[in-house]
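Residue-level structural notes
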Amino acid sequence: MEISMIERAKEDLSLYQTMQLQFDRALHWAIDLDQISIDFLKEPARVLRVNFPVTMDDGKERVFHGYRVLHNNACGPGKGGIRYHPQVSEDEIKALAALMTWKTALVNVPFGGAKGGIVCDPKELSRTELRRLTRRFVIELGDAIGPHTDVPAPDVYTDSQTMAWMYDTYDALHPGQNNRAVVTGKPLELGGSAGRDDAASRGLLYATQQLLSHEVVPDLSSVSGARVAIQGLGNVGGNAMRLFQEAGAKIVAVSDSSGGIFSESGLDLEAVLAQKSGGGNVVDLPKATTISNQDLLGIECEILIPAALESQVHGGNANNVKANVLVEGANGPVTDTADEILKAKGVIVLPDIIANAGGVAVSYLEWVQNLQNQHWTLGQVQEDLRSRMIDAVDVLIDRFELLKENQSKSMALTERSVSLRDAALVTAIGRITSVVRTRDVWM
Ligand code: NAD
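Note that the coordinates shown come from a computational prediction; the quantities given were computed from them, not determined experimentally.

Considerations on the site of the ligand
The immediate surroundings of the ligand are formed by 22 residues, with Asp155, Tyr157, Asn235, Val236 and Asn331 found nearest. Arginine 196 is positioned such that a nitrogen or oxygen atom in its side chain is 3.4 Å from an oxygen atom of the ligand. Between the ligand and the protein, one listed contact pairs an oxygen atom with a backbone N or O atom of valine 236 at 2.9 Å. When the free accessible area of the ligand is taken as 830 Å², the share hidden by the protein chains comes to 88%. By residue class, the composition of the shell around the ligand is nine nonpolar, nine polar and four charged.

Structural notes on empty space enclosed by the protein
Under the counting rule described, the total for this entry stands at three cavities of 30 Å³ or more. Of the volumes computed, that of the largest cavity is approximately 150 Å³. Surrounding the largest cavity, 19 residues form its lining, Met19, Gln20, Lys42, Ala98 and Trp102 being those nearest its centre. Within the residue set of the lining of the largest cavity, elements represented by two or more residues are α2 (15–27), α3 (35–42), α4 (90–106), α12 (352–355) and α15 (420–439).

Focus: the nonpolar core
Core analysis: the biggest nonpolar cluster contains 97 residues, and Trp102, Phe244, Val254 and Ile303 have the highest contact counts within it. Take this core: its biggest share by element is 10 residues, from α4. Setting aside chain neighbours within four positions, we find valine 254 in contact with Ile230, Leu233, Met241, Gly259, Gly260, Ile261, Leu267, Val272, Val282 and Leu296. Counting 23 residues, the second-largest nonpolar core is a separate cluster that includes Met56, Leu133, Val138 and Met163.

Topic: the packing of helix α7 (residues 199–213) against helix α8 (residues 235–246)
Where α7 meets α8, the axes come as close as 8 Å, and the angle between the chain directions of the two elements is 50°. Relative to α8, the element α7 is oriented oblique. Like other packed secondary-structure pairs, α7 and α8 cross with a definite hand, here right-handed. Across from Ala200, Ser201, Arg202, Leu204, Leu205 and Thr208 in α7, the residues of α8 making contact are Asn235, Val236, Asn239, Ala240, Leu243 and Phe244. The residue inventory of the contact of α7 with α8, partitioned by class, reads seven nonpolar, four polar and one charged.

Regarding the environment of histidine 71
When you line up the elements, histidine 71 lands in strand β2 (residues 61–72). In this structure histidine 71 comes out as buried when scored by relative accessible area, which is 1%. Distance from histidine 71 to glutamate 189, taken between C-alpha atoms, is 31 Å for residues 118 residues apart in sequence. Looking at histidine 71, its side chain comes within polar contact range of the side chain of threonine 101, at 2.7 Å.

Overview of the packing of aromatic side chains
Two aromatic rings are characterised by how far apart their centres lie and by the angle between their planes. With the rule as written, the count across this model stands at five aromatic pairs. Where phenylalanine 111 meets tyrosine 364, the ring centres are 5.9 Å apart and the plane angle is 85°; that geometry is what we call edge-to-face. Note that phenylalanine 111 is positioned in the loop between α4 and β4 (113–119) and tyrosine 364 in helix α13 (residues 358–372), a separation of 253 residues in sequence. Looking at tyrosine 364, the relative accessible area reads 16%, which means it is buried. Aromatic side chains phenylalanine 111 and tryptophan 367 sit 4.9 Å apart centroid to centroid with 65° between the ring planes, which places their arrangement in the edge-to-face category. Of this pair, phenylalanine 111 sits in the loop between α4 and β4 while tryptophan 367 sits in helix α13, placing them 256 residues apart in sequence. For the pair shown, phenylalanine 111 and tryptophan 367 are each scored as buried.

Conventions adopted
- Residues numbered from 1 in each chain as written.
- Predicted model: local features only at pLDDT ≥ 70, side-chain atom pairs only at ≥ 80, totals over all residues.
- Heavy atoms only, no water.
- Near = heavy atom within 4 Å.
- Polar contact = N/O pair within 3.5 Å; in protein donor to acceptor, adjacent residues only side chain to side chain.
- Areas by Shrake-Rupley, 256 points an atom, 1.4 Å probe, with all protein chains shown as cover.
- Nonpolar A, V, L, I, M, F, W, Y, C, P; charged D, E, K, R; others polar.
- 1 Å grid on protein atoms, 1.4 Å probe; cavity = no way out; pocket = protein on both sides within 12 Å on 5 of 7 lines; lining within 4 Å.
- Points joined across faces, edges and corners; volume = space filled by probe spheres on them.
- Helix = DSSP H or I, 4+ residues; strand = E, 2+ residues; numbered from the N terminus.
- Core = buried A, V, L, I, M, F, W, Y, C linked by side-chain atoms within 4.5 Å.
- Buried < 20%, exposed > 50% of the residue type's maximum accessible area, 1.4 Å probe, protein only.
- Contact = heavy atoms within 4.5 Å.
- Axes fitted to C-alpha atoms, helices over the stretch in contact; angles between N-to-C directions.
- Parallel < 35°, antiparallel > 145°, perpendicular 65-115°, else oblique.
- Left-handed = near helix turned anticlockwise from the far one by under 90°.
- Phe/Tyr/Trp six-rings, centres within 6.5 Å; stacked < 30°, edge-to-face > 60°.

Below is the structure:
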């Protein structure tokens, strides 16, 4: 499917737009969904905007803007990361919060969906500035977050240290009670869970392996032996690189914000990891064949994993994708137009709301351990994660097959063929609306 230059120019690349289109498309398959539920789920339950000054290292003050959005809490407390990035906006956080609602439903954890962020460039801030920024943000959020109301976690350019500052500030404001469950993704010594650091990527691997075992991806039935290209080398991409290689894949291309590197025979991952842990960029690795982030998306490979930011695969470049399967490590890396182009090309997309849900699955396990003052072994955590991801993919494939059958009986309200994303969204929406109806929250 080709799209014209005019259509390309018109494509809205915002994550919010992508999420709205994906939701609307999924409704074609959720034929028994009532209008009240649609209206309720389409917009967040609560949007909190904060605006606060922070003293910088040079003694001057600067005002920062932050958000915390609770999309839905029918199934439990809000759950979702905190992002520090210059492009953070209210709409982006609203979209990411909705994704969290679908994700928590799909991996069957008793949480709702939430997300937060601060508009800032963390690369330009010192550690002490980041600490002051984080502490003040928690004070501004007040009781909008809490172990039983809304539980943040790390996301882009935040990490376990950020969560330690958040926990410590919240704890100082709420003395005399166990506050460990207020955030997840904490350092181990503050009640963090074994296996949380690579949970999103491990979940990505388990979900990919399970998907391939169902033989729904043309000409690819195993991760072992597959060529893999990964965009983004942070928590999700960096760990995915290691775990997919351990599972027998050949990592042929990786990238970070500076650009990418490529090797047909497989990259030297030790060198890549050493470069990244030293704070360097992959393009500066000696003897590396460098490519752009755009080139990476069109590399000859079987598995493509965008694991950086949203809207990376869009109407203007989706046609270049050569992979058999695109596994969404990042949230919202594929636009709605790109989804259609990839489908027409026969590229299967494993959607973010299943693919990277391992992060929130293990966040749930951390939360449970904190509430019970327990500590589980790495083996216990990984086994729980594995079975959750396998179950989620099995349910997804069953729903996908059912929707295909319904379409062949003309029971769908669209001519468009069903995608795994449609099936995942319909499953999540069905689980949440069933809880909402049983709770009778309309009364
Ligand atoms: P991170 O901050 O650890 O890493 C982000 C990576 O993206 C860095 O390597 C950075 O260099 C790279 N990057 C930034 N801009 C880029 C660009 N323009 N092109 C290519 N690379 C670029 O973030 P993360 O936690 O790994 O999150 C990545 C994505 O995964 C986000 O969409 C996030 O919402 C999603 N996610 C994260 C988790 C988690 O537990 N951390 C869980 C689920 C989903």
